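Observations on chain architecture
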Amino acid sequence: MAGNFRTLDDVDVKGKRVLLRVDLNVPMENGHVSDATRLERVAPTINEIASKGGKVILLAHFGRPKGRDAKDSLKPVAAALSQVIKRPVAFADDCIGEPAATAIAAMKDGDVLCLENTRFHKEEEKNDPAFVGELAKLGDIWVNDAFSAAHRAHASTEGLGHKLPAYAGRTMQAELDALDKALGRPAKPVIAIVGGAKVSTKIDLLENLVTKVDALVIGGGMANTFLHAQGVQIGKSLAEKDLAATALRIMEKAESSNCAIILPVDATVSFHFAANSPSFAYGLDAIPPDSMILDVGPQSTARIHSAIDDAATLVWNGPLGAFELTPFDRGTMVAAKHAAERTKAKKLVSVAGGGDTVAALNQAGVAGDFSYVSTAGGAFLEWMEGKPLPGVEVLKA
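Residues numbered from 1 in each chain as written. Predicted model: local features only at pLDDT ≥ 70, side-chain atom pairs only at ≥ 80, totals over all residues. Heavy atoms only, no water.

An unreviewed UniProt entry lists the chain under the name Phosphoglycerate kinase, with Bradyrhizobium aeschynomenes given as the organism. Word for word, the UniProt comment on the chain under Pathway (unreviewed entry) is "Carbohydrate degradation; glycolysis; pyruvate from D-glyceraldehyde 3-phosphate: step 2/5." According to the UniProt record, the Subcellular location (unreviewed entry) comment for the chain reads "Cytoplasm". (UniProt positions renumbered as here; feature names shortened; annotations may be inferred.)

Right, here's the structure in full:
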């Protein structure tokens, strides 16, 4: 995949004004960045361009402001970024117009400047051509390093790619390489693990995956909907019973595509949705009517391990149970650790993404052992659904 995209290897940035779209949408507490993961991810691209003598002009959004709002200013984020990249980061009070132009005119080769939140202008999200033109005046080339915003056709994430020579930054390049290894041109067999609460949010995802993978493990509340569709009595478990026909359709599509669907064969149940409430393992034919399925059972865990052992590539999105509550995190934790061990042994390429998935892998302490963990929520999901991403399409050579 990455071979089809222009990257920083294809351009000499020395002396050029480089408009670099990054993801600086970091969590804040009391005016300070509480998790610098996204800043660390963009640091290599910023430092490479600066070291090669480019003028690095950062474009980013923060939050969902309706117009200019001081609480959504990027100024404190720019200060935190400076600590991460170990370079001064100047700041301009607007992303277009005189404040931006004046700050850029004062830059020397290798300097880094952060422009104010692009979403302070409503034209950003509308991909307004005049606004795109105002941004384009500020740079000589455009580099997109924000895969997490690549599913949005906004001015700074897509529009600039039609106005200026466009390239993928190193974070974008790494993401595209990882995704290519996961579903583009993967080592086979390929297994996908998809969990989470609802089928309704992942219908497109499941329909695409059954045509791409050799086996699909379905867990979490989603699995209950599939079990219900097959006539299993699931007690008071979370399920979307009105989607039974959809679940059966997905299973039929999987069968015609030679994709094995792996559903739970037993369950860990409780009578209360609370941490450390008493839990019991039951076969699917014996789920008590007043109980809830909150995790996969031990036999299901063993089946998932076997499926991971048989695979050369794993794509993971969503937990297998109510992982935020002990002991109902066990299925997810054990499977994550098993996949991590296979990856460390060079027997598996493992790619995971989505907010709950990243949280679960961090909880298991294995996020660093997976081949690649995507922090891009919506963009990762849309890519898994097989949809073209505007911010990626515009980078194609």
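Back to the write-up after that little detour.
Attention now moves to the overall build of the chain. Tallying secondary structure elements over the chain gives 14 helices and 17 strands in all. Dimensions of the chain along its principal axes, counting C-alpha atoms only, are 70 × 45 × 40 Å. When the 397 residues of the chain are sorted by exposure, 57% land in the buried category. A separation threshold of at least 6 residues defines the contact pool for the chain, and within that pool the share at least 24 residues apart is 74%. (Helix = DSSP H or I, 4+ residues; strand = E, 2+ residues; numbered from the N terminus. Buried < 20%, exposed > 50% of the residue type's maximum accessible area, 1.4 Å probe, protein only. Contact = heavy atoms within 4.5 Å.)

Here we take up the nonpolar core. When a protein is soluble and globular, its nonpolar side chains tend to lie buried together. Of all hydrophobic cores here, the largest spans 74 residues; its most connected members are Leu115, Phe147, Leu160, Leu209, Leu216, Phe226 and Trp383. Among the elements that make up this core, the one with the highest residue count is helix H6 (residues 170–184) (six residues). Beyond its immediate chain neighbours, meaning those up to four positions away, Leu115 contacts Ile57, Leu58, Leu59, Leu74, Phe91, Ala92, Asp94, Cys95, Ala100 and Leu138. In this structure, Ile49, Leu58, Ile85 and Cys114 belong to the second largest nonpolar core, which totals 30 residues. (Core = buried A, V, L, I, M, F, W, Y, C linked by side-chain atoms within 4.5 Å.)

Bringing the layout of surface pockets into the picture now. Roughly 560 Å³ of volume is contained in the largest pocket. When residues in the lining of the largest pocket are grouped by element, the largest group, six residues, is from helix H8 (residues 220–229). (1 Å grid on protein atoms, 1.4 Å probe; cavity = no way out; pocket = protein on both sides within 12 Å on 5 of 7 lines; lining within 4 Å. Points joined across faces, edges and corners; volume = space filled by probe spheres on them.)

Read from one edge to the other, the open sheet built from three strands follows the order S13-S12-S14, with strand pairing classed as antiparallel. Every other strand in the sheet has two partners, leaving strand S13 (279–283) and strand S14 (292–296) as the edge strands with one partner each. Adjacent strand axes in the sheet meet at a mean angle of 45°, parallel and antiparallel pairs treated alike. For strand S12 (residues 266–270) and S14, the ladder comprises four bridges, and the chain directions are antiparallel. Bridging across to S14, Ala267 finds its partner in Val296. (Pairing = 2+ DSSP bridges. Axes fitted to C-alpha atoms, helices over the stretch in contact; angles between N-to-C directions.)

Mapped onto the elements of the fold, Thr201 is located in the loop between strand S9 (190–194) and helix H7 (203–209). On the basis of relative accessibility, which here comes to 52%, the residue Thr201 falls in the exposed class. A C-alpha to C-alpha distance of 37 Å links Thr201 and Val18, two positions 183 residues apart in sequence. A distance of 3.2 Å separates a polar atom in the side chain of Thr201 from the backbone oxygen of Lys198. (Polar contact = N/O pair within 3.5 Å; in protein donor to acceptor, adjacent residues only side chain to side chain.)

Let us now look at the UniProt feature "binding site: substrate" (unreviewed entry) in the chain. UniProt's entry tags Asp23, Leu24, Asn25, Arg38, His61, Phe62, Gly63, Arg64, Arg119 and Arg152 with the feature "binding site: substrate" (unreviewed entry), counted in the numbering of this structure. Here, the largest cavity is lined by Asp23 and Arg38 out of the annotated residues. Among the structural elements, Phe62 can be located in the loop between strand S4 (55–59) and helix H2 (75–85). Other than its neighbours up to four places away in sequence, Phe62 contacts Leu24, Asn25, Val26, Met28, Lys71, Asp72, Ser73, Leu74, Val77 and Asn117. Within the element layout of this structure, Gly63 appears in the loop between S4 and H2. Other than its neighbours up to four places away in sequence, Gly63 contacts Asn25, Asp72 and Arg119.

Residues Ala215 and Val217 line one face of strand S10 (residues 215–218) and the alternating positions Leu216 and Ile218 line the opposite face, and both faces are buried. Handedness of the β-α-β unit built from S9, H7 and S10 comes out right-handed. Pairing geometry for S10 and strand S11 (residues 260–262), over three bridges, is parallel. Residue Leu216 lies in a different strand from S11, and its bridge partner there is Ile261. (Right-handed = clockwise from strand over helix to strand, strands pointing away.)

For the coordinates displayed, the defined rule picks out three aromatic pairs. Where Phe380 meets Trp383, the ring centres are 5.7 Å apart and the plane angle is 40°; that geometry is what we call tilted. Residue Phe380 and its partner Trp383 are located together in helix H13 (residues 377–384), separated by three residues, close to a single helical turn. In this structure, Phe380 and Trp383 share a single accessibility class: buried. (Phe/Tyr/Trp six-rings, centres within 6.5 Å; stacked < 30°, edge-to-face > 60°.)

What follows covers the sheet that holds strand S16 (residues 349–353). What the six strands build is an open sheet, ordered S11-S10-S9-S15-S16-S17; its pairing is parallel. In this open sheet, the two edge strands, each paired with only one partner strand, are S11 and strand S17 (372–374). Adjacent strand axes in the sheet meet at a mean angle of 15°, parallel and antiparallel pairs treated alike.

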